[in-house]
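Survey of secondary and tertiary structure
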Amino acid sequence: MGHRRKRDVYSPGGCLGLRPDRPLLAYSARVREAYKDVPIVLGGLEASLRRLVHYDFIEDKLKRSILVDAKADLLIYGMAERAIGEVARRLDAGEKIEDLTDIPGTAYILRQNTPAPDEAVHLPSLSQQQADRILVMSAQKQYQAQAHPAGLPVVQEQDPGTIVVMPPAEPLTKQELDALYDLPFARYWHPRYDRGGGVPALEPVQFSLTTHRGCFGGCSFCSLCLHQGKQISSRSVDSLLAEADRLRSDRRFRGTISDIGGPTANMYGMRCSRQHICGRISCLFPSVCKQLQLDVGPLIRMMESFLRWKKQAKVYVASGIRHDLAIRNNEYIDLLTRYFVGGHLKVAPEHYCPHVLDLMGKPHFEVFEEFEDRFQQASRRAGKKQYLVPYFISSHPGCTVEDAVKLTEYLVLRSWRPQQVQDFIPIPLTPATAMYVSGLDTTGKKIYVPRGRREKSLQAGLLQYYHPKYKKIVTGFLRSRHRRDLLAKIAALWR
């Protein structure tokens, strides 16, 4: 169903074939062969997102939890420091792996004659979802409601096997996060990979600083809040500056910190006033939650601290920002634009059509236009010529070809040639993936879902209309829709 990657940026030299397609399955099997009596605990992003029954885009089918398929003993999801420490301590104290059934941020297989936790929420099973894909959306909504530290355990039949997923662990405190980032990370691939050309994925972030974790944006296509959580855990300014000093002393450092940011750069220091986070998917959409404290003071103070430090190096914000948050404070826009933008700033309007943006959980396009206007004004005040780099998504559930054409018309009108276009890929656990599989939005209303390589290629081509590789498919489509006016404007760019 899905295209396989043409390059593996996590392998030396970007070469394909150095890692198995299903790493956890392959590695678990080899470990079990070599160490038959040693407990196997799964972790990492693959385990985190495949903790429940999930849709696999490559195979175009629903699959059971990777915990069951890998025949492992325990699964740890999320950033996992708390769970890893608890598992290690209890195993070291002599407890058996099958007795570790009460640790937040873990999933385990329910053994025979062992009852599920009291008050657990039962999700539709694998066979039920396979028989009725509408239940994929039901399962997603049920789990989302419990995917926070104050939630309930969930139980799901895997056919065969039954798993229990405990609620997420509490996020690390500021002090714990500081202690973590004070550890002596190498920031370099193993020397054996030097000959192979290094690991491409490391290079853009090798000299960047992570200021915080978590994201409360809740975009429907994004899995970040289901991995890192909605709560923002921010580091102290002292910790960030201390790490910056360590970067500056690294012999490979060339004078530029490429990014000070996080999943969303301008969420640093923000938090919910509730003691326990609720089951709401997004704290920003369809309206800003009244409990959300959008105090930009900590962010500005952190950036001003780097202004005093940055005489020793160049410092940029390269992470994406939420433009709907940014327009709430002109001081932040001025500070960002004057000192921390290296000519280009990443922003993600994602689409142009209101109903598509609603399905994405994103603000409407006029909000982006307001930010664009303020960004350009601030750049002029700073005496700089700077540009936004907009991100767009093609073929999102609910997006028709007509919607893609409306976005193309806007791009042509503005003479924009977007480089950052992502063809929608269903990522396990996300609301958008449930939309893709079920054909329903989160309210249960039927929506159009782009499927098949031809249509997905067409929508991607309409957004990158200027690219010669899309000339044939875009030309054929616009002629069939009698849009020679738009084709004439585009064709001039192919000459």
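Here is a short report on the structure shown in this document. What you are looking at is a predicted structure, and each value in this text was computed from that prediction instead of being measured.

The rules behind the values
Residues numbered from 1 in each chain as written. Predicted model: local features only at pLDDT ≥ 70, side-chain atom pairs only at ≥ 80, totals over all residues. Heavy atoms only, no water. Helix = DSSP H or I, 4+ residues; strand = E, 2+ residues; numbered from the N terminus. Rg over C-alpha atoms; globule rule 2.2 N^0.38 Å. Buried < 20%, exposed > 50% of the residue type's maximum accessible area, 1.4 Å probe, protein only. Contact = heavy atoms within 4.5 Å. Areas by Shrake-Rupley, 256 points an atom, 1.4 Å probe, with all protein chains shown as cover. Lys, Arg positive; Asp, Glu negative; His and termini not counted. Charge placed at Lys NZ, Arg CZ, Asp CG, Glu CD. Phe/Tyr/Trp six-rings, centres within 6.5 Å; stacked < 30°, edge-to-face > 60°. Pairing = 2+ DSSP bridges. Axes fitted to C-alpha atoms, helices over the stretch in contact; angles between N-to-C directions.

1. Regarding the overall build of the protein
Per the secondary structure count, the protein includes 19 helices and 19 strands. Taken over C-alpha atoms, the radius of gyration comes to 24 Å for the protein, in line with the 23 Å a tight globule of 495 residues would show. Within the protein, the proportion of its 495 residues that are buried is 52%. Sequence-distant contacts in the protein: of pairs separated by 6 or more residues, those separated by 24 or more amount to 72%. Put simply, the protein shows about 24,100 Å² of open surface, and 52% of that area lies on carbon and sulfur atoms. Put simply, the protein has 71 plus and 52 minus side-chain charges, and the middle of one group is 8 Å from the middle of the other.

2. A closer look at the packing of aromatic side chains
Taken as a whole and judged by the stated rule, the model has 14 aromatic pairs. Geometrically, the ring pair formed by Phe306 and Trp309 is edge-to-face, given 6.1 Å between the ring centres and 70° between the ring planes. Residue Phe306 and its partner Trp309 are both found in helix H10 (residues 297–309); the two are separated by 3 residues, about one turn of the helix. Of the two residues, Phe306 and Trp309, neither departs from the other in class, the shared state being buried.

3. Digging into the sheet that holds strand S18 (residues 387–394)
Strand pairing in a sheet relies on backbone hydrogen bonds, with the paired strands running either antiparallel or parallel. The strand order S17-S18-S19 describes an open sheet built from 3 strands, whose pairing is parallel. Each having just a single partner strand, strand S17 (344–350) and strand S19 (420–423) make up the two edges of the open sheet. Neighbour-to-neighbour, the strand axes of this sheet turn through a mean angle of 20°, independent of strand direction. The pairing of S18 with S19 spans 4 bridges and is parallel. When the bridges of S19 are listed, Tyr391 appears paired with Gln420. In this fold helix H14 (residues 365–381) packs onto S17 and S18, with an angle of close to 165° to the strand it touches most, S18. Contacting S18 and S19, helix H17 (residues 453–463) runs over the sheet at an angle of about 160° to S18.

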